[in-house]
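Remarks on the overall topology
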There are 6 protein chains.
Amino acid sequence: MDHKEKGQEITTRMFGDILDDKRPAFKEMIAITSDYLFGEIWSREGLALRDRSLITVAILVATGKEKQLKTHLGGALSNGVTPDEMKEIMIHAAHYSGWPSAMNGLNVLQELIEEQGLEVSGES
Amino acid sequence: MDHKEKGQEITTRMFGDILDDKRPAFKEMIAITSDYLFGEIWSREGLALRDRSLITVAILVATGKEKQLKTHLGGALSNGVTPDEMKEIMIHAAHYSGWPSAMNGLNVLQELIEEQGLEVSGES
Amino acid sequence: MDHKEKGQEITTRMFGDILDDKRPAFKEMIAITSDYLFGEIWSREGLALRDRSLITVAILVATGKEKQLKTHLGGALSNGVTPDEMKEIMIHAAHYSGWPSAMNGLNVLQELIEEQGLEVSGES
Amino acid sequence: MDHKEKGQEITTRMFGDILDDKRPAFKEMIAITSDYLFGEIWSREGLALRDRSLITVAILVATGKEKQLKTHLGGALSNGVTPDEMKEIMIHAAHYSGWPSAMNGLNVLQELIEEQGLEVSGES
Amino acid sequence: MDHKEKGQEITTRMFGDILDDKRPAFKEMIAITSDYLFGEIWSREGLALRDRSLITVAILVATGKEKQLKTHLGGALSNGVTPDEMKEIMIHAAHYSGWPSAMNGLNVLQELIEEQGLEVSGES
Amino acid sequence: MDHKEKGQEITTRMFGDILDDKRPAFKEMIAITSDYLFGEIWSREGLALRDRSLITVAILVATGKEKQLKTHLGGALSNGVTPDEMKEIMIHAAHYSGWPSAMNGLNVLQELIEEQGLEVSGES
């Protein structure tokens, strides 16, 4: 399986039909994202996919990228991170990138929970 | 074991004698860090210590906190993250928080490798 | 009055019924925020509440946390910061965290002014 | 032509009737922006207007200021930056400030393209 | 007193001989800083100098600008902020911009304390 | 010329012998940087090299990446950006990412000026 195929396989498994985006401004960037970012970087062997999801989610929370966080929380779910662990990531992150980043992260998580009918325990 | 003791136990295991800092400006903040941040947050059950190290390291790389990254790469080592995985975190992070953040992260990792006589493989 | 009660007292006075949030993802974080962040940190004696509001607002403007800025501008009002001073904070911040952060801050302030029927002078 | 007039001339040419904003919270900041930021800084001779647009757009993408990015992509168009170059700026920026900042930048660009009926080539 | 003189007066009182910087790359920026930033912005009446110092320090801690933080902690001292209040700002900021930003802020404060022979209480 | 060769050609022309870095932690990242970032992204046709240098420098100033700024100011010089234009970029950036980012940028520029015996005019 070459990079192109690997990229398609991972992105589809993690995010569904995200590669179908046909908006002109995005066309090349989506190709680069699939072929290179997922085909060559996410598919490297040195780090488990669940670990890659954890660090991606952590960076997105810390840098306030909420749109991408929504997408990657979905991907993290595919890679084995539970909703309770996601809630815990936000609580942990509050102390390293500030309370507001965690509150915004929890807001995105709450949306995901509602949309996908997930559950989080009251206490972890 | 109460929060105070848990905090001391975790910080000592992860970072050695970091609580011995006697500089006046730091006194209260170090107490809060040990008792609360490590005693009450890092010791929560919802997320494994290795996972907490991964997300902490990721946030520190993404937000350019190099001094704390040095400390937490050491802590991550205690929590089971290998130097090769650390290198891979930096390569992954390059794509979510920018190349410069990864280069600075690798610089800190290289220092840790040299100081502790660690090894990274040429290819992961 | 213990930390729990202090936290409830301060958060209620500054923000109204913000603790009533019942969304599952937020439950624990709201408890930590009330008991610890407001009960143990905001209630420390070393800095006046008006000063705490000033620095909180400044950080939220500088780091672009608009949702929290809205909440904390309301809290700052309770702690004695006037709408004209808030406007001035944004103008000042423009030079330390960039024009766009100030413009977004003014936007949030304008919303608060309209919602609460506040006034700002044309010139301070 | 004094600073005040220069500022009005540049802002009007780049952004249209943006100075007509009459919201109370913005009144003074808009005067400072027109008279000083555009009248004294953007009108300095040491750097071409197209270069100033390039670096402004780059900073806005990197720091996630999407509202201002929308305005300044419009201004960049007036200063001779083409939609294809804008798309390329986002692809380039992905590597220095992270993929999410580029994706958000492309989103803003796509809006501009649709609103103004612009075209981007499939490949640059 | 015109803007130029006001700027010189404030910068000299807050920072000493900082305007004497003769490095070629800085010449114009220092003139703009003195005449405009201090002569026209810091000297606006809408916000007290102590308040301006508080928000400036808060922004510098939150955005990790340690060199400028050192300078502005000195300026804040001139404007009536005590070393204990500075310590408290860092502890407060830890929760809004993350622990690492506060630790780096305390480090800068500790340097100032040592250089100027200041004191902070063990507990505030 | 394939991507690998293109990458080596551009990096060598812009930065000299930067690819010779032999530190273990950097080995793979440097290969990715040369082959992909320079061989595939910087060598895309949609944006002139001078434009790419302008936006790279702007991002590095705005995000406070001083080590990389030093390297890329050198590269910008190779791509036709003059020291006076660099000074002007910093003055312009002050207003979009804050004064401290510009001051730190000027500091790096001043170092480059001194090391390479460059000149900047007193006024641009």
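Refer to the structure above for everything that follows.
For every chain, the first residue of the written sequence is number 1, and numbering continues from 1 onward in sequence order. Naming scheme: in the order in which they are written, chains are lettered from A and ligands are numbered from 1. Reporting of local features is limited, given that this is a predicted model, to residues whose pLDDT is at least 70; pairs of side-chain atoms are given and counted only at 80 or more, and all residues count toward the totals for whole chains, interfaces and linings. Where side-chain values are given, they derive from all heavy atoms of the structure, hydrogens and water being excluded.

1. Details of the overall build of chain A
Helix numbers and strand numbers start at the N terminus; a helix is a DSSP run of H or I with at least 4 residues, a strand a run of E with at least 2. Check the secondary structure of chain A and you find 6 helices and 0 strands. Put simply, chain A runs from its N terminus to its C terminus through helices and strands in the order α-α-α-α-α-α. Contact criterion: two residues are considered in contact whenever any of their non-hydrogen atoms come within 4.5 Å of each other. Restricting to contacts in chain A with at least 6 residues of sequence separation, those with at least 24 account for 62%. Shrake-Rupley sampling with a 1.4 Å probe provides the accessible areas, and residues are treated as covered by the protein chains on show and by no other component. Carbon and sulfur atoms make up 49% of the accessible area of chain A, which amounts to about 4500 Å² in all. Counting 13 positive and 20 negative side-chain charges, chain A places the averaged centre of each group 6 Å from the other. Charge counting follows a simple rule: Lys and Arg are positive, Asp and Glu are negative, and His as well as the terminal groups are ignored. By convention, the point assigned to a charge is CZ for Arg, NZ for Lys, CD for Glu and CG for Asp.

2. Observations regarding the interface of chain B and chain A
Taken together, the 30 residues of chain B in the interface contact 30 residues of chain A. Each partner contributes to the roughly 2900 Å² buried at the junction of chain B and chain A, and carbon and sulfur atoms together form 67% of this total. By buried area we mean how much accessible surface two parts lose on assembly, using a 1.4 Å probe and totalling the loss over both. Looking only at chain B, the three residues that lose the most surface to chain A are Ile59, His92 and Tyr96 of chain B, adding up to 25% of its buried area. In the sections that follow, a salt bridge refers to a side-chain nitrogen of Lys or Arg positioned within 4 Å of a carboxyl oxygen of Asp or Glu. At the surface where chain B touches chain A, the tally comes to 6 salt bridges.

3. Things to note about the side chain of Ser34 of chain B
Residue and element names in this part refer to chain B. Residue position: Ser34 is located in helix α2 (residues 27-42). Under the scheme applied here, a residue whose accessible area is under 20% of the maximum for its type counts as buried, over 50% as exposed, and between as partly exposed, the area being computed with a 1.4 Å probe on protein chains only. Judged by relative accessible area, which is 4%, Ser34 ranks as buried. In this structure Ser34 touches Gly7, Gln8, Thr11, Leu19 and Gly39, once residues within four positions along its chain are discounted.

4. What to know about the relation of the copies chain C and chain E
Both copies of the chain are placed relative to one another by a rotation about an axis and a shift along it. With an axial shift of 0.0 Å and an RMSD of 0.0 Å, the rotation relating chain C to chain E amounts to 180°. When the rotation and shift are considered jointly, the pair of chain copies conforms to a two-fold rotation axis. By residue overlap, the copies meet face to face through one surface: 100% of the interface positions of chain C are interface positions in chain E. When the copies are overlaid, the least-squares fit takes in C-alpha atoms only where the residue has pLDDT of at least 70 in both copies.

5. Some remarks on the interface of chain C and chain E
Each partner contributes residues to the interface: chain C has 30 residues there, and chain E has 30 residues. Taken together, both faces of the contact between chain C and chain E bury some 2900 Å²; the carbon and sulfur share is 67%. The three residues of chain C that bury the most area against chain E are Ile59, His92 and Tyr96 of chain C, which together make up 25% of that side's buried surface. Linking chain C to chain E there are 6 salt bridges. For the purposes of these results, a polar contact is taken to be a pair of N or O atoms within 3.5 Å, where, inside protein, one atom must be able to donate a hydrogen and its partner to accept one; residues adjacent in sequence count only when each atom of the pair is a side-chain atom. Counting across the interface, chain C meets chain E through 14 residue pairs in polar contact (both at pLDDT 80 or more). Residue assignment for the side of chain C that touches chain E shows that the elements contributing at least two residues are α2 (27-42), α3 (49-62) and α5 (83-97) of chain C.

6. Some remarks on the relation of the copies chain B and chain A
By a simple turn and slide, chain B fits onto chain A: the slide is 0.0 Å along the axis, the RMSD is 0.0 Å, and the turn is 180°. Interface overlap between copies is the fraction of interface residues in one copy that are interface residues in the other; for chain B against chain A it reaches 100%, indicating a shared surface.

7. A few points about the side chain of Gln110 of chain D
Along the chain, Gln110 of chain D turns up in helix α6 (residues 99-116). A distance of 2.7 Å separates a polar atom in the side chain of Gln110 of chain D from a polar atom in the side chain of Glu114 of chain D. Leave out the neighbours within four places in its chain, and Gln110 of chain D touches Arg23, Pro24, Ala25 and Phe26 of chain A.

8. What to know about helix α4 (residues 66-78) of chain C
Residue and element names in this part refer to chain C. Between the first and last residue of a helix there are one fewer steps than residues, each counted as 1.5 Å, and that sum is the expected span. Between its first and last C-alpha atoms α4 spans 19 Å; for 13 residues at 1.5 Å apiece the expected length is 18 Å, and the two agree. Turning to α4, its buried residues are Gln68, Leu69, His72, Leu73, Gly74, Gly75 and Ala76. Residue Gly80 follows α4 closely and has a positive phi angle near 100°.

9. Section: helix α1 (residues 3-15) of chain D
Residue and element names in this part refer to chain D. Taking 1.5 Å as the rise per residue, α1 with 13 residues should run 18 Å; its terminal C-alpha atoms sit 17 Å apart, in good agreement. Taken together, the buried positions of α1 are occupied by Gly7, Ile10, Thr11, Met14 and Phe15. Buried residues of α1 fall within an arc of 95° about the axis and therefore sit on the same side. Here the buried face of α1 lies against α2 (27-42), α3 (49-62) and α4 (66-78). Between the side-chain oxygen at the start of α1 and the backbone nitrogen of Lys4 there is a gap of 3.2 Å, and the oxygen is on Asp2. Gly16, located one to two residues past α1, shows a positive phi value of around 75°. Directions pointing from the helix axis toward each C-beta atom define the arc.

10. Considering the packing of aromatic side chains
Working definition: rings of Phe, Tyr and Trp (its six-membered ring) pair if their centres are within 6.5 Å, and the pair is stacked with planes under 30 degrees apart, edge-to-face with planes over 60 apart, and tilted otherwise. Scanning the model with the defined rule gives 26 aromatic pairs over all chains in all. Taken together, the aromatic side chains of Phe15, Phe38 and Trp42 of chain A together with Tyr96 of chain B make up a single cluster linked through ring pairs. A cation over an aromatic ring shows up here: Arg23 of chain A above the ring of Phe26 of chain A, its NZ or CZ 3.9 Å from the ring centre. Charge over a ring is defined by NZ of Lys or CZ of Arg lying within 6 Å of the ring centre and within 35 degrees of the ring normal.

11. What about the pattern of salt bridges?
All chains considered together, the criterion is met by 72 salt bridges over all chains. Measuring nitrogen to oxygen at the nearest pair gives 2.9 Å for the salt bridge that ties Glu115 of chain B to Lys70 of chain B. Of this pair, Glu115 of chain B sits in helix α6 (residues 99-116) while Lys70 of chain B sits in helix α4 (residues 66-78), placing them 45 residues apart in sequence. Residue classification places Glu115 of chain B among the exposed residues on the basis of a relative accessible area of 56%. The shortest N-O distance in the salt bridge between Lys70 of chain E and Glu111 of chain E comes to 2.9 Å. Placement of the pair is Lys70 of chain E in helix α4 (residues 66-78) and Glu111 of chain E in helix α6 (residues 99-116), with a sequence separation of 41 residues. In this structure Glu111 of chain E comes out as partly exposed when scored by relative accessible area, which is 37%. Within the structure, one salt-bridge network assembled from shared partners comprises Glu28 of chain A, Asp84, Lys87 and Glu88 of chain D together with Arg44 and Arg52 of chain F.

12. Remarks on the packing of helix α5 (residues 83-97) of chain A against α2 of chain C
At a minimum axis separation of 10 Å, α5 of chain A and α2 of chain C run at an interaxial angle of 25°. Considering the angle they form, α5 of chain A stands roughly parallel to α2 of chain C. By crossing handedness, the relation of α5 of chain A to α2 of chain C is classed as right-handed. Two secondary-structure elements touch here, α5 of chain A through Lys87, Ile91 and Ala94 of chain A and α2 of chain C through Glu28, Met29 and Ile32 of chain C. Residues belonging to the contact of α5 of chain A with α2 of chain C are distributed by class as follows: 4 nonpolar, no polar and 2 charged. Fitted lines through C-alpha atoms serve as axes, helices being fitted only where they are in contact, and the angles separating the N-to-C directions of these axes extend from 0 to 180 degrees. When an angle is under 35 degrees it counts as roughly parallel; over 145 it counts as roughly antiparallel; between 65 and 115 it counts as roughly perpendicular; any other value is oblique. Take the far helix as the reference: if the near one is turned anticlockwise from it by less than a right angle, the crossing is left-handed, and if turned clockwise, right-handed. Any residue that is not Ala, Val, Leu, Ile, Met, Phe, Trp, Tyr, Cys, Pro, Asp, Glu, Lys or Arg is counted as polar, Gly included; the first ten are nonpolar and the last four charged.

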